[in-house]
Amino acid sequence: ELADKGTFFLDEIGDMPLFLQAKILRFLQEKQITRLGDVKPINVDVRIIAATNQDLRGLVEKALFREYLYYRLSVIPLTLPPLRDREEDLQAFIRYFLALYNKKLNRNIVGLTPGAEKLFKDYPWPGNVRELENIIQYGISFAEGNMITSEIVAERLTISKAGNTDKSLKDKVSEYERDLVKEALDKFGWTEEGKSKAAAYLQISRATLYRKLSP
């Protein structure tokens, strides 16, 4: 009733119980609702937008989703690709969530270090935008400087990376360690003094640092 002449959004429509599906279907057919405890129907003009990450056709075949409701809702179907297939959108979302949670948490995180950016780029994001938002919020909360580093978010992101499935676990670990070394050198400098500080920071020897840098 409040959405009359407006839009009503139904999220996760695929999880709606069958008895509620019947109520929604009746509304879509009759454009009427009845208040709880009332007997007089009310005419409403509402545009319905529904979203789901499930295969509704598959649910229909399993009798878990009403076929008539499916056809009522899928008049203009739109498919939103997962975040892993929209690499060009990743930076825009990162900037948005940085601004949002900087304000909420009263922080001044200006961005991600190169190592963290590589982790974000290579990660398949199975949880899509919501997972990205969660990781950004976590990174802002625990960042010690003004950048989110790979060390902060590495535990929240798997080392197994999209596009690198042909690499062995040893190669993936070596690549990750090399990124951490480069990030430390970016922080302390690539001079001899900087390398010494980076090695101490990573708690490894200078010789190990040089070895980790080798492809």
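As the structure is a prediction and not an experimental result, all values here were calculated from the model.

*Asks:* Would you mind going over the packing of aromatic side chains in detail, with residue names and values included?
*Replies:* As enumerated under the stated definition, the model contains seven aromatic pairs in all. Geometrically, the ring pair formed by tyrosine 70 and tyrosine 71 is edge-to-face, given 5.3 Å between the ring centres and 70° between the ring planes. A relative accessible area of 45% means that tyrosine 71 is categorised as partly exposed. Considering the side-chain rings of tyrosine 138 and phenylalanine 142, the 4.8 Å spacing of their centres and the 40° angle between planes classify their relative orientation as tilted. Of this pair, tyrosine 138 and phenylalanine 142 both sit in helix α6 (residues 128-142), four residues apart, which is roughly one turn of the helix. Note on tyrosine 138: relative accessible area 23%, which makes it partly exposed. Overall, the relative accessible area of 52% leaves phenylalanine 142 in the exposed class.

*Asks:* Which residues make up the nonpolar core, and what values go with them?
*Replies:* Judged by nonpolar contacts, the single largest core of 25 residues is most densely connected at Phe120, Trp125 and Leu132. Contributing elements (two or more residues each) for this core: α4 (87-105), α5 (114-122), α6, α7 (150-153) and α8 (169-188). Element by element, the count of residues in this core is highest for α4, at five residues. Apart from the residues within four sequence positions on either side, phenylalanine 120 is in contact with Leu90, Ile94, Leu112, Trp125, Leu132, Ile135, Ile136, Val153 and Leu157. Of all hydrophobic cores here, the second largest spans 16 residues; its members include Ile24, Phe27, Leu28 and Val44.

*Asks:* Before we move on, could you go through the pattern of salt bridges and cite the residues and values that matter?
*Replies:* Pairing between side chains of opposite charge can happen when the charged atoms of each approach one another. The final tally for this structure, using the stated rule, is nine salt bridges. Two residues, lysine 118 and aspartate 122, come together in a salt bridge whose shortest N-O distance is 2.9 Å. Of this pair, lysine 118 and aspartate 122 both sit in helix α5, four residues apart, which is roughly one turn of the helix. For lysine 118, a relative accessible area of 28% corresponds to the partly exposed category.

*Asks:* Requested: an account of the side chain of glutamine 21, with residues and values cited.
*Replies:* Along the chain, glutamine 21 falls in helix α1 (residues 18-30). Ignoring any residue separated from it by four or fewer positions in sequence, one finds glutamine 21 in contact with Met16, Leu64, Phe65, Arg66 and Leu69.

*Asks:* Pulling in residues and values, what's your account of the packing of helix α9 (residues 192-202) against helix α10 (residues 206-213)?
*Replies:* Think of two packed helices as two axes; the pair is described by the angle between the axes and how far apart they sit. Where α9 meets α10, the axes come as close as 9 Å, and the angle between the chain directions of the two elements is 95°. For the element pair α9 / α10, the angle class is roughly perpendicular. Every residue of α10 that contacts α9 at Glu192, Lys195, Ser196, Ala198 and Ala199 is listed here: Arg206, Leu209 and Tyr210. When the residues that make up the contact of α9 with α10 are grouped by side-chain class, the tally is four nonpolar, one polar and three charged.

About the cut-offs
Residues numbered from 1 in each chain as written. Predicted model: local features only at pLDDT ≥ 70, side-chain atom pairs only at ≥ 80, totals over all residues. Heavy atoms only, no water. Phe/Tyr/Trp six-rings, centres within 6.5 Å; stacked < 30°, edge-to-face > 60°. Buried < 20%, exposed > 50% of the residue type's maximum accessible area, 1.4 Å probe, protein only. Helix = DSSP H or I, 4+ residues; strand = E, 2+ residues; numbered from the N terminus. Core = buried A, V, L, I, M, F, W, Y, C linked by side-chain atoms within 4.5 Å. Contact = heavy atoms within 4.5 Å. Salt bridge = Lys/Arg side-chain N within 4 Å of Asp/Glu carboxyl O. Axes fitted to C-alpha atoms, helices over the stretch in contact; angles between N-to-C directions. Parallel < 35°, antiparallel > 145°, perpendicular 65-115°, else oblique. Nonpolar A, V, L, I, M, F, W, Y, C, P; charged D, E, K, R; others polar.

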